[in-house]
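Structural overview for review
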Amino acid sequence: MAAAFTCTSLPPLSLRCSETRIASSPSASLSARRLFAVSPESGGLRIRLSQSLTSIQPRVPRLRRGGVVCEAQETTTDIVSIVNDSTWDSLVLKADGLVLVDFWAPWCGPCKMIDPLVNELAQQYTGKVKFYKLNTDDSPSTPCEYKVRNIPTILIFVNGEKKDAIVGAVPKSALTSSIDKFLQ
């Protein structure tokens, strides 16, 4: 079952498509279509959303000038561990105590906005709460099981049972109050 995720964002994103031709032989080229999100306040910064090969067509010489495409790189931290579909049961469902899981994707701007907050909270609650990140692109089964339709989404579990869900890029105070109500 394929999962579709949307990126929760305050400013609207406009979607644009660009086409690149890649020479594969003297007589043909491979056409790759890319879908980009362009944020109005980014000054034209384009973020690649998806890429697929569409067709083989006769070679058409094409000169490309300018145009920089920035792609997100997956990052990890020492405090927040990575969880995936195969480790979900052992790390989250069988865990004792409070567990916070951040559902994210490398292309999601709001996910990048709350990443530093999640890292700060992981330091603040060291020894009290276990923090995990789940990349929804790499592990689509778990988000589908918990009906995660938008990212970022943070789920809070107590002794393996889902207790709370926080959707979107929220302030640190909202995350702190959600965690604190389960620590008492």
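Scoring rules and cut-offs
- Residues numbered from 1 in each chain as written.
- Predicted model: local features only at pLDDT ≥ 70, side-chain atom pairs only at ≥ 80, totals over all residues.
- Heavy atoms only, no water.
- UniProt positions renumbered as here; feature names shortened; annotations may be inferred.
- Pairing = 2+ DSSP bridges.
- Helix = DSSP H or I, 4+ residues; strand = E, 2+ residues; numbered from the N terminus.
- Contact = heavy atoms within 4.5 Å.
- Axes fitted to C-alpha atoms, helices over the stretch in contact; angles between N-to-C directions.
- pLDDT = per-residue confidence, 0-100.

Per an unreviewed UniProt entry, the chain carries the name Thioredoxin M2, chloroplastic-like isoform X1 and comes from Raphanus sativus. UniProt's Subcellular location (unreviewed entry) comment on the chain is quoted here verbatim: "Plastid".

This part takes up the sheet that holds strand 7 (residues 129-135). As a general point, the strands of a sheet are linked pairwise by backbone hydrogen bonds and lie either parallel or antiparallel. Reading across the sheet, the 5 strands line up as 5-7-6-9-10 and stay open at both edges, with mixed pairing between neighbours. The open sheet has two edge strands with one neighbour each: strand 5 (81-82) and strand 10 (161-167). The pairing of strand 9 (residues 153-158) with strand 10 spans 6 bridges and is antiparallel. Pairing of Thr 153 across the sheet is with Val 167, part of strand 10. Across the sheet, helix 2 (residues 109-124) is in contact with strand 6 (98-104), strand 7 and strand 9; its angle to strand 6 comes to roughly 160 degrees. Sitting on the sheet, helix 4 (residues 172-183) touches strand 6, strand 7, strand 9 and strand 10, and the angle it makes with strand 10 is about 165 degrees.

Let us look at the side chain of Thr 176. Tracing the backbone through its elements, the reader meets Thr 176 in helix 4. Setting aside residues up to four positions removed in sequence, Thr 176 forms contacts with Leu 121, Gln 124 and Tyr 125.

Right, let's talk about the confidence of the model for the chain for a bit. Summarising the model, the chain shows a mean pLDDT of 73, and 58% of its residues fall at 70 or more. Contacts for the low-pLDDT stretch residues 1-46, under 50 throughout, to residues beyond four places or in other chains number 125 contacts.

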